[in-house]
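Letter by letter, the chains look like this.
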Amino acid sequence: MVAIPNHHFFQWVNQLEDSGYEVFWFDVTDGGPLSPKIKWVTQLKGWKLKWDFPFRSTIKKRLPKLYESIQKVNENSVTSAFNKAIQDIKPDIVHCFEMQLAGLPILPIMEQNKIPFIYSSWGSDVFYFEQLGVSKQELQQFYTRANYLITDCKRDFDLATKNGFKNQFLGVFPGNGGLTIETSKIKPFDKRPLILIKGYDDGVGKASKVLGALQFVSKDLLFNKHIVIYSADDSILQQIKSSKTLSELGITIYSRHAFIQNKDLLTMMGQSSIHIANSISDGMPNALLEAMSMGAFPIQSNPGLVTEEVITHGKNGYLITDPLDEIEIAKHITNALNNEALRQDAQDFNVNFTQVNCDRKSLQPKIESLYDFKKKTKFFNK
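Residues numbered from 1 in each chain as written. Predicted model: local features only at pLDDT ≥ 70, side-chain atom pairs only at ≥ 80, totals over all residues. Heavy atoms only, no water.

J.: Hey, could you run me through the overall build of the protein in this one?
T.: Within the protein one finds 17 helices and 13 strands. Computed over its C-alpha atoms, the radius of gyration of the protein comes to 22 Å, within 12% of the 21 Å expected for a compact globule of 382 residues. C-alpha extents for the protein along the principal axes are approximately 65 × 55 × 40 Å. Buried residues in the protein amount to 50% of all 382 residues. Excluding contacts between residues fewer than 6 apart, the proportion of contacts in the protein whose partners are at least 24 apart in sequence is 65%. Total accessible area on the protein is roughly 18500 Å²; 52% of this is exposed by carbon and sulfur atoms. Treating the 44 positive side-chain charges of the protein as one cloud and the 41 negative ones as another, the clouds have centres 4 Å apart. (Helix = DSSP H or I, 4+ residues; strand = E, 2+ residues; numbered from the N terminus. Rg over C-alpha atoms; globule rule 2.2 N^0.38 Å. Buried < 20%, exposed > 50% of the residue type's maximum accessible area, 1.4 Å probe, protein only. Contact = heavy atoms within 4.5 Å. Areas by Shrake-Rupley, 256 points an atom, 1.4 Å probe, with all protein chains shown as cover. Lys, Arg positive; Asp, Glu negative; His and termini not counted. Charge placed at Lys NZ, Arg CZ, Asp CG, Glu CD.)

Structural data, given as structure tokens:
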């Protein structure tokens, strides 16, 4: 497995814990300590530094230019470290998660071997590749080497095919390997005091437009609700501080830089009347599926028409057609809060939909079979 340290990646890998496979994780960023979330996995970390010299952290903090110069000769490259890992482990399969950060850095090594190569697309790396700095040539070169493709939505399979992927498609799966749905945390329709907002505002995420939209929503509708923003970028905090209207709403903010346990987030979703997430690019958002599974009414942007694969506008959620239009978003929030019957019907539909399509226990044998070497030998030998 090749990936950045990521909660959704850890959840996917843990679907294999009792499968009998021997799993190694090459942390492509070499960031942080060993992850306690996947203790059973052999974690390849600590490869970046050739020498962890004395006072390294102090020099990095106080003399950044000197540190940068030292690190030019003191760091191993991703390619050399990954190549050593390949030589040492001799894996039967390599599976990378996301192209830009995990796939392209190891591509030079993968092009030198014939090891079966699985690629899981994540988020925007298929839909928004050019804006992420990936050229069409790099994209097609990567698709040529990837033997197998897993996507989190139908759209990305279609896009990959149009852009040159001609090998085997293994199917559409939630990027985190499925949801553990705690029905006991799903509150009844009339006991949902929260409005939950995903706080990404990083160029792709557009939470700032959601906050702008709140200023056009009647205070009477928000009076008995408490607004919670999670994974909030610093710009969101500044936007609230500089707005008298927003400051008066008493918003609770969980910073993007302060880790929030997934179980705590799911609990909040189970107490939320609506969940709002807004971006100009995405794959199938895991947070959307989680919010739906916990009964929160979703108001979600629809970049590349992917969200409409699970939301029918006006039936089990609202689709934002223009993520930059605060007035449109405000209308969706207003209509959702005013229409109790719609939200109640949507809660029942969405909880059932995710239980049928996204349940981890149901997906586990399917995910295990993706790596069944014997069944795929005829493909591997091509």
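That was the structure; now back to the text.
J.: Looking at this structure, how should I read the packing of aromatic side chains?
T.: A ring pair, where both rings are aromatic, is described by two values, the distance of the centres and the angle of the planes. By the definition in use, this model includes 17 aromatic pairs. With 5.3 Å between their ring centres and 15° between their planes, Phe-26 and Trp-47 make a pair best called stacked. Linking Phe-26 in strand E2 (residues 24-27) with Trp-47 in the loop between strand E3 (42-44) and helix H2 (56-62), this pair joins segments that are 21 residues apart in sequence. Given a relative accessible area of 4%, Phe-26 falls into the buried group. Residue class for Trp-47 comes out buried when judged on its relative accessible area of 11%. With a centroid separation of 4.0 Å and an interplanar angle of 20°, the aromatic rings of Phe-157 and Phe-169 are classed as stacked. Linking Phe-157 in helix H7 (residues 154-162) with Phe-169 in strand E7 (residues 168-172), this pair joins segments that are twelve residues apart in sequence. One aromatic cluster is present, formed by Phe-9, Phe-10, Trp-12, Trp-25, Phe-97, Trp-122 and Phe-173 through successive ring pairs. (Phe/Tyr/Trp six-rings, centres within 6.5 Å; stacked < 30°, edge-to-face > 60°.)

J.: Please clarify how the side chain of Gln-347 should be interpreted in this entry.
T.: For Gln-347, the position within the fold is in helix H15 (residues 340-357). Residue Gln-347 is classed as buried on the basis of its relative accessible area, which comes to 9%. In this structure the side chain of Gln-347 is engaged in a polar contact, spanning 3.2 Å, whose partner is the backbone oxygen of Lys-187. Once residues lying within four places of it in the same chain are set aside, the contact partners of Gln-347 are Ile-186, Lys-187, Pro-188, Phe-189, Arg-192 and Gly-295. (Polar contact = N/O pair within 3.5 Å; in protein donor to acceptor, adjacent residues only side chain to side chain.)

J.: In this structure, what is going on with the sheet that holds strand E13 (residues 318-320)? I would like to understand it.
T.: Sheet strands pair by backbone hydrogen bonding; their relative direction is either parallel or antiparallel. With respect to topology, six strands assemble into an open sheet ordered E10-E9-E8-E11-E12-E13, the strand pairing being parallel. Looking along the sheet, the strands with just one partner apiece sit at the ends: strand E10 (252-255) and E13. With direction set aside, neighbouring strand axes in the sheet form an average angle of 15°. In the sheet, strand E8 (residues 194-198) pairs with strand E11 (residues 272-277) via four bridges, with the strands oriented parallel. Among the inter-strand pairings, Ile-197 is bridged to a residue of E11, identified as Ile-276. The strands that helix H12 (residues 262-269) touches are E8, strand E9 (226-232), E10 and E11; relative to E8, the one it contacts most, it runs at about 130°. (Pairing = 2+ DSSP bridges. Axes fitted to C-alpha atoms, helices over the stretch in contact; angles between N-to-C directions.)

J.: What am I meant to see in the nonpolar core here?
T.: Nonpolar side chains in soluble globular proteins tend to be buried together. In terms of nonpolar packing, the biggest core is built from 30 residues, with Val-2, Phe-82, Val-94, Tyr-119, Phe-142 and Tyr-143 touching the most fellow members. Of all the elements in the fold, those that place two or more residues in this core are helix H4 (78-89), strand E4 (94-97), helix H5 (99-110), strand E5 (117-120) and helix H6 (136-145). The greatest single-element share of this core, amounting to seven residues, is contributed by H5. Once residues lying within four places of it in the same chain are set aside, the contact partners of Phe-82 are Val-2, Phe-26, Val-94, Ile-106, Ile-109 and Met-110. If you look at the next biggest cluster of nonpolar residues, it comprises 29 residues, including Ile-195, Ala-232, Ile-240 and Ile-299. (Core = buried A, V, L, I, M, F, W, Y, C linked by side-chain atoms within 4.5 Å.)

J.: Would you mind showing me how to read helix H16 (residues 360-369) here?
T.: Among all positions in H16, only Arg-360, Leu-363 and Ile-367 are buried. Projected down its long axis, H16 carries its buried residues within an arc of 65°, all on one side. On its buried side, H16 packs onto helix H1 (7-13) and H15. The distance from a side-chain oxygen at the start of H16 to the backbone nitrogen of Lys-361 is 3.3 Å, and the residue carrying that oxygen is Asp-359. (Arc of directions from axis to C-beta.)

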